[in-house]
Amino acid sequence: MKVNILMPSLSPTMEEGSLAKWYVKPGDRVQPGDILADIETDKALMEYESVEEGVVLELSIAEGSENVKINTPIAVIEVESISQNDSEIPPNDLIKDTQDDTKTAYEDQDINNNEKKQLISNEITHSELTEVNTNNITVREALNHAMAEEMRRDENVFIMGEEVGEYQGAYKVSQGLLEEFGPSRVIDTPITEHGFTGLGVGAAFTGLRPIVEFMTFNFALQAIDQIINSAAKTHYMSGGQITCPIVFRGPNGAAARVAAQHSQDFSSLYASIPGLKVIQPFSAADAKGLLKSAIRDNNPVIFLENEILYGKSFSAEENEEDLEPIGKAKILKTGSDVTIVSYGIGVMHALEAELKLNDMGIKAEVIDLRTIRPIDFDMIIGSVKKTNRCITVEESFPVCSVGSYIASQIMVKAFDHLDAPVISCTGKDVPMPYAENLEKAALITTDEIISSVKEVIYF
Amino acid sequence: MKKILEEEKTLISLYKKMLLIRRFEEKAGQLYGMGQIGGFCHLYIGQEAIVVGIDSITKNGDQTITSYRDHGHMLACGMDPKKVMAELTGKATGYSKGKGGSMHMFSKSKHFYGGHGIVAAQVPLGTGIAFANKYKKNGNICFTYFGEGAANQGQVYEAFNMASLWKLPVVFVIENNQYAMGTSIERSSSTDAMHARGIAFNIPGKEVNGMDVREVAKESLKASAHCRSGKGPYILEMKTYRYRGHSMSDPAKYRTREEVQKIKEEKDPIDNLRDLLIKNHNIIEKKFKDIDKEVKMSVTEAANFAVESPEPDISELWTDVYTN
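Conventions used here
- Residues numbered from 1 in each chain as written.
- Chains lettered and ligands numbered in written order.
- Predicted model: local features only at pLDDT ≥ 70, side-chain atom pairs only at ≥ 80, totals over all residues.
- Helix = DSSP H or I, 4+ residues; strand = E, 2+ residues; numbered from the N terminus.
- Buried ≥ 20, exposed ≤ 12 C-beta atoms within 10 Å, placed from the backbone.
- Contact = placed C-beta atoms within 7 Å.
- Rg over C-alpha atoms; globule rule 2.2 N^0.38 Å.
- Pairing = 2+ DSSP bridges.
- Domains from an automatic or database assignment.
- Axes fitted to C-alpha atoms, helices over the stretch in contact; angles between N-to-C directions.

(A) Quick look at the overall build of chain A. When helices and strands are tallied, chain A shows 14 helices and 22 strands. Within chain A, the fraction of its 459 residues that count as buried is 48%. For chain A, contacts bridging at least 24 residues in sequence account for 76% of all contacts bridging at least 6.

Right, dumping it as structure tokens:
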């Protein structure tokens, strides 16, 4: 009986990977546990083991192939027949069914992703017309380059965190830094968030400029006392004597199917703390320019990244002196009917919504906040005075969200300009569920943005 | 070192510094009672030998970081009593312009990194300062103080592990004054051997009579030599006793008056050094009276300065939140 071996999914957000190496060839006999191939994703290189016992008939995907979608058949193995007694469903049928299902699902997903990618690259090209020489760069590369450039520029800059060095970064953001800067500046820490956060803050008090990577910001909850009570407040408590030039960075917000303890946007929590600056970029250029600014800033900066955005490509010019200003928002789309204020991955949904609204004849202005503290109210209020309507889009929980604060400030500063109440589109008021359909329902969607826009313009 | 600790000049200087802390704290207690000092105020009376003994062996550039019972540490490392007292009274002339108070004071020029109000938070911070010493190869040590109560916080062991793993120049000084607020060490700790808390991390530790300034100095010098030679951290458990309550608002129901009295009579670090000076160096009563007068004047001056200083300008509310 022939069994198709499929390209495996090796991480929550993996959509495709490379077939780096085959360990078997047609004619080889394999046992369960034998290594078939090395699969490389943008995050890691992993060995892929056989679960079948049989003989390799064919390798359908050549060694070195890139962008192989998950569930693509990569090899065929002839397995010994199992008697009908062992299984109620003939294995052949089972495999065929599964394959058909997943194939369809994967194709849908693929189209969806291509659409998104297309959309992102279109928008950025349009909004950055001044660029001449553009290259494609992922958010991951942008962050990596920002750190490397700043470490070359200032020897007081160092990075510490779990797996940042020899492992090359849990999400490969710090890839290559150990090789270039050595173990005294690229420091693998024990799993000790509270401890190494405090250690980083202490080092920053003396004038060093640590970049503390949290494998995800969920783990920073272990260290929240050192971030809030030590990093944010010491400058004030010392009457301005002690400064704390430190960057706390790492992925934040929902990734994919990692459930409640690993899926949460902490923007509003950190944004409520005086003494901290809070950044959450969307595009690669902003990720780079803002991270460089954050590293040079003399205050503690919370730099919130997003795992889903790490692999997204943007067209961006790379220039070592391109610093993006902290505290300045950016208009990504100009429009006259409604203002959509968003940040981080919310911007991706906002831009999708803007395209669809445009088809309905609604011109939306899309503002990417980029910095959550301080918020660029000048830009928001200026836009609202033009459009007279506003919705906010974010992944956070609804209670005391960034959007609710923006709404209150618009009410105070532009009440007479409002033609409708401000609506805040947020994640749902529940811990993130695991099940695929529930997770989708808990997150903000483009459709929710569109219906909120329709509501505020009485469409 | 042993020889220096026998010298009259050295001993007099240690005596004077301990007495300054004692009198300063008594005055702070008095000002608290008069409503001049607000909030929390944790006095160091009884523990003076520790900071004074350690300060006597530091090298220029060595840092100090501690908890909220911090007035003694600041005076020991040479900070101005006037500006410390002014901070206690929340005045513009204080070290933090009145914005930190008793628990949060700093002096970059004296390498004093606070003054931290969260129990044990200073332990990773001090370890980080030591990390920076190693990074900058400046040969300095960070003396990181905490109480035996703080020694039960998890972040202490996170810091121990990293300090030992990376051989950081940090001396962990555990000031074991027997009471974590109102809970005695027997009621809070599975073992009372604080100097042994580093065994699992391969950090050597030593129990020291923290009521004897000479022993403190001698053992601290050994600890600092260990650190400076690149061998990594060292733990000093200073056995001590605080005469006053945990803070000013402590009814002290957890121990008897007799217990406190007995320690004062038998182990007081200042009285014992005075006795030694009389016995071994024939210092006459007049000399102690002169010292007492000098210290009292300095403390009175500090108190007057603090009371008479203006409150911070209301505009200071908005300064120092961020730096440029």
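(B) Highlighting the overall build of chain B. The helix and strand tally for chain B stands at eleven helices and eight strands. For 324 residues, the compact-globule formula gives about 20 Å, and the C-alpha radius of gyration of chain B, at 19 Å, lands near that figure. Overall, chain B is about 55 × 50 × 40 Å in size when its C-alpha atoms are taken along their principal axes. Buried residues in chain B amount to 52% of all 324 residues. Within chain B, contacts between residues separated by at least 24 positions form 75% of all contacts whose residues are at least 6 apart in sequence.

(C) Region of interest: the environment of His235(A). Mapped onto the fold, His235(A) is located in helix H6 (residues 234–237). C-alpha separation for the pair His235(A) and Lys385(A), spaced 150 residues apart in sequence, amounts to 37 Å. If sequence neighbours within four positions are ignored, His235(A) has contacts with Gly240(A), Ile242(A), Thr243(A), Cys244(A), Gly275(A), Asp320(B) and Thr323(B).

(D) Highlighting the sheet that holds strand S2 (residues 16–22) of chain A. Residue and element names in this part refer to chain A. The antiparallel open sheet is built from four strands, whose spatial order is S5-S4-S2-S7. Two strands in the sheet have a free side with no partner beyond their single neighbour: strand S5 (45–49) and strand S7 (68–69). Across five bridges, strand S4 (residues 35–40) lies against S5 in antiparallel orientation. Counterpart to Ala 37 in the pairing with S5 is Tyr 48.

(E) Seen up close, the interface of chain A and chain B. Contacts between chain A and chain B engage 33 residues on the former and 32 residues on the latter. Elements represented by at least two residues in the side of chain A that touches chain B include exactly helix H4 (193–205), helix H5 (224–232) and H6 of chain A. Among the elements that make up the side of chain A that touches chain B, the one with the highest residue count is H4(A) (ten residues).

(F) Seen up close, the domain arrangement of chain A. Per the domain assignment, the segments making up chain A are domain 1 (2–100), domain 2 (135–316) and domain 3 (329–456). For domain 1 of chain A versus domain 3 of chain A, the distance between C-alpha centres works out to 44 Å.

(G) Structural view of the sheet that holds strand S2 (residues 112–115) of chain B. All names here are of chain B. Taken in spatial order, the six strands of this open sheet run S2-S1-S3-S4-S8-S7, and their pairing is parallel. In this open sheet, the two strands that pair with only one neighbour each are S2 and strand S7 (205–209). Geometrically, the sheet is characterised by an average inter-axis angle of 20° between neighbouring strands, direction not taken into account. Sheet topology note: the S7/strand S8 (residues 234–239) ladder contains five bridges and is parallel. Along S8, the bridge assignment pairs Asn 209 with Lys 239.

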